[in-house]
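As a plain string of letters, each chain reads:
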Amino acid sequence: MSRARLILGVFLLFLLVLSLAVEGVLATTFAYYYDVLITIGINVILAVSLNLVNGYTGQFSLGHAGFMAVGAYAAASWSNHLDPVVAGVLGGMGNPAATNVCLVVSMLVGGLLAALAGLLVGIPSLRLRGDYLAIVTLGFGEIIRTAILNTDFLGAARGLSVRGNYTNLFWTYGLAGICVYTVLSLVNSTYGRGFLTVRDDEVAAEAMGINTTRYKVAAFVIAAFFAGIAGALYAHFKAFITPEGFNFFRSVDVVVMVILGGMGSTLGVILAAALLTILPEILRALAHTSFMPPAFQGLLENRLIAYSLLLIVLMLTRPEGLFGDPSAVRRRFIRTRPK
Amino acid sequence: MTSKRLELQSCTIRFGGLTAVANFSMVVGPRELVGLIGPNGAGKTTVFNMITGVYQPTEGQVVFNGERLNGLKPFVITAKGIARTFQNIRLFPSLTVFDNVRAAFNVHLAHGPRHAWWRGGKFRAEEAQIETKALDLLKIFNLDRHRDVMCKSLPYGDQRRLEIVRALATTPKLLLLDEPAAGMTPTEKKSLMRLIEFIQEHFDISVLLVEHDMRVVMGICRRIYVLDYGIKIAEGAPEAIRRDPKVIEAYLGEEPES
């Protein structure tokens, strides 16, 4: 048994015990904090998986919300139509075992479909570089959103009610743990060094026998898979999803988490995901204190203003992100590489 | 098995209207140390890029070990046994010295993402094996004490050598060196010459050397090709090349008419 897998196992076991102990109390008595906690978990999955593409592999994807939408709607549709069948085998709906199995199955459906979308988008578009890839992925995200908006089967603009309120602490953080494990174990291997070589110098990587296109597609598909899982968790958490929940700004949120945390630093990205989830909550609380002039309330409640300010300050003072490698960023943005 | 490791059969490469290399043929035998020289812009690096698949020849064929390389991607060609270094050093700047070499072991890797994820016994055995091999290579070139240093903080000469180590990690049968002596002091150049000869013997490979510095090329190559404006103007032993009027003209210019 490898050490990394052992750590993951211990983490999952610990998480299981913890969630069995506190889940009930948290979800009922501290519903607000529970909500924030689950959102943090989902955002960690999104940010850590996007970091594999934007951070470690050096590609700039702006379409993570698109993959999340694919996962969310796939999982929701699956649950709405097929959960009774799945649960039927396990003693009917409402049975805790059936609930968990339904969640896992629908997460897998969401994740795999998102991964398939990642493959379909990735193969043609990953021949593009830099800004062009960003534009294509942005376009993909918008296409997905618009397609859902115009598909009656998925509820169109009305949104889609999702059967079951399955998402719980264990699966959210369990999947976050598996996502972190996946990214770290891939990157920390001889195979995984390939992702970093693609980011550093594609020409040299190819000359060293590295199939750069395959690495880019692999990163894209793995990231899309976890975005799909995050989408499924989100759908089963909110129990109601609309296309607007997966718009361009959702992708930007995740990109900001990756940049703030430091591209290519998984620890930094986890912390940034937590910080950027909590920050709007704190600002909202602050906006409604008695000493805050009403004029500032709107400013404080709008998370995008806070994000922008945070990014400006960050870029001026620490462009590599909180935990990033300074030299990596300097190369990315201040690149002078003759042919 | 032919006695030719690499053969260029009348290769031409055009970029739009510009003919960078015209009708160029050359042969590199097994265990041979061949030089390719020429003034600035003669097309030496273009020949390299043609062999390694960065550019495709417009006409002609590149044959390696009896196999046609035309149309193959660079990473496939590397897997077939041609490794190269770059004129302007292209190490992986965010990786350590050790990881730069480790990354090059990807070519012949038995495990893939699945194994890296599961971290089973076979995966760990292969990783341990790669680590040993990489460290052995670094040791040969006296770079093992820098194993955990970021490669960009190495001195210039060490970076050049690390690039050669990285190329050797792909276990090539033919090593292409693109101006390895560029920017080196005369002392460094001397040790580089010894190093290249050592590599050729120790690893039992062919070496094709593109170089500006005549002393380096003349000192170690048994056969030399000379390019000027994309055309081969001479080939042969160093002594013959040194006396060849066409070569002298290309390097020193024509004697003014009086």
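Notes on the structure follow. (Residues numbered from 1 in each chain as written. Chains lettered and ligands numbered in written order. Predicted model: local features only at pLDDT ≥ 70, side-chain atom pairs only at ≥ 80, totals over all residues. Heavy atoms only, no water.)

1. Notes on the interface of chain A and chain B
Often, the extent of an interface is quoted as the loss of accessible area on bringing the components together.
Next, step 1: The partner chain B presents 36 residues to the 35 residues of chain A that form the contact.
Next, step 2: Across the interface of chain A and chain B, roughly 3200 Å² is buried in total on both sides, 59% from carbon and sulfur atoms.
Next, step 3: At the junction of chain A with chain B, the criterion picks out two salt bridges.
Next, step 4: We note a salt bridge from A:Asp201 to B:Arg90, for which the minimum N-O separation is 2.8 Å.
Next, step 5: Taken together, the links from chain A to chain B amount to 15 residue pairs in polar contact (both at pLDDT 80 or more).
Next, step 6: Taken together, the elements giving at least two residues each to the side of chain A that touches chain B come down to helix 1 (3–29), helix 6 (169–187), helix 7 (193–200), helix 8 (202–207) and helix 14 (326–333) of chain A.
Next, step 7: Looking at the side of chain A that touches chain B, the element that brings in the most residues is helix 7 of chain A, giving six residues.
Next, step 8: Of the residues contributing to the side of chain A that touches chain B, the split by class is 14 nonpolar, 11 polar and 10 charged. (Contact = heavy atoms within 4.5 Å. Buried area = accessible area lost by both parts, 1.4 Å probe. Salt bridge = Lys/Arg side-chain N within 4 Å of Asp/Glu carboxyl O. Polar contact = N/O pair within 3.5 Å; in protein donor to acceptor, adjacent residues only side chain to side chain. Helix = DSSP H or I, 4+ residues; strand = E, 2+ residues; numbered from the N terminus. Nonpolar A, V, L, I, M, F, W, Y, C, P; charged D, E, K, R; others polar.)

2. Focus: the sheet that holds strand 8 (residues 206–210) of chain B
Residue and element names in this part refer to chain B.
Next, step 1: The sheet built from six strands is open, its strands ordered 6-7-8-3-9-10 with mixed pairing. Strand pairing shows two members of the sheet lacking a second neighbour, strand 6 (82–84) and strand 10 (231–236), which therefore form its edges. Between one strand axis and the next, the sheet turns by 20° as a mean value, whatever way the strands run.
Next, step 2: Pairing between strand 3 (residues 33–37) and strand 8: four bridges, direction parallel. Bridging from a neighbouring strand, Val-34 pairs with Leu-208 of strand 8.
Next, step 3: Against the sheet, helix 1 (residues 44–51) touches strand 3, strand 6, strand 7 (174–178), strand 8 and strand 9 (223–228), its axis set at about 150° to strand 7.
Next, step 4: The sheet strands contacting helix 10 (residues 245–252) are strand 3, strand 9 and strand 10, and the helix crosses strand 10 at an angle near 125°. (Pairing = 2+ DSSP bridges. Axes fitted to C-alpha atoms, helices over the stretch in contact; angles between N-to-C directions.)

3. Regarding the packing of helix 3 (residues 64–89) of chain A against helix 9 (residues 212–238) of chain A
Helix packing geometry: the angle between the two helix axes and the distance between the axes.
All names here are of chain A.
Next, step 1: In the contact formed by helix 3 and helix 9, the axes pass within 6 Å of each other and the chain directions differ by 50°. Considering the angle they form, helix 3 stands oblique to helix 9. For the pair helix 3 and helix 9, the crossing hand works out as right-handed. Contacts between helix 3 and helix 9 involve His-64, Phe-67, Met-68, Gly-71, Ala-72, Ala-75, Ala-76 and Ser-79 from the first element and Phe-220, Ala-223, Ala-224, Ala-227, Gly-228, Ala-230, Gly-231, Ala-232, Tyr-234, Ala-235 and His-236 from the second.
Next, step 2: The class makeup of the residues in the contact of helix 3 with helix 9 is 13 nonpolar, six polar and no charged. (Parallel < 35°, antiparallel > 145°, perpendicular 65-115°, else oblique. Left-handed = near helix turned anticlockwise from the far one by under 90°.)

4. Looking at the environment of A:Val17
Next, step 1: In this fold, A:Val17 is placed in helix 1.
Next, step 2: According to the relative accessible area criterion, A:Val17 is exposed, its value standing at 56%. (Buried < 20%, exposed > 50% of the residue type's maximum accessible area, 1.4 Å probe, protein only.)

5. Here's the deal with the packing of aromatic side chains
Next, step 1: The tally for this structure, following the rule as stated, stands at 16 aromatic pairs over all chains.
Next, step 2: Taken together, a centroid distance of 5.2 Å and an interplanar angle of 70° make the contact between A:Tyr32 and A:Tyr33 edge-to-face.
Next, step 3: We classify A:Tyr33 as exposed; its relative accessible area is 55%.
Next, step 4: Geometrically, the ring pair formed by B:Phe141 and B:Phe203 is stacked, given 6.4 Å between the ring centres and 10° between the ring planes. Highlighted residues: B:Phe141 in the loop between helix 5 (121–140) and helix 6 (156–168) and B:Phe203 in the loop between helix 7 (186–202) and strand 8, separated in sequence by 62 residues.
Next, step 5: Connected via pairs of aromatic rings, a cluster forms that spans A:Phe67, A:Phe140 and A:Phe220.
Next, step 6: Above the ring of B:Trp118, the side-chain terminus of A:Arg5 is found at 3.7 Å from the ring centroid. (Phe/Tyr/Trp six-rings, centres within 6.5 Å; stacked < 30°, edge-to-face > 60°. Lys NZ or Arg CZ within 6 Å of the ring centre and 35° of its normal.)

6. Describing a nonpolar patch on the surface
Next, step 1: On the surface, a nonpolar cluster with roughly 440 Å² of combined accessible area is contributed by A:Leu113, A:Leu116, A:Leu119, A:Leu120 and A:Ile123.
Next, step 2: Looking at the secondary structure, you find A:Leu113 in helix 4 (residues 96–125). (Patch = residues over 30% accessible without salt bridge, like charges linked within 9 Å, V, L, I, M, F, W, Y side chains within 5 Å. Areas by Shrake-Rupley, 256 points an atom, 1.4 Å probe, with all protein chains shown as cover.)

7. What to know about helix 1 of chain B
Next, step 1: Most of helix 1 of chain B is tucked away: seven of the eight residues are buried.
Next, step 2: Of the residues flanking the end of helix 1 of chain B, it is B:Gly53, one or two places downstream, whose phi is positive at about 85°.

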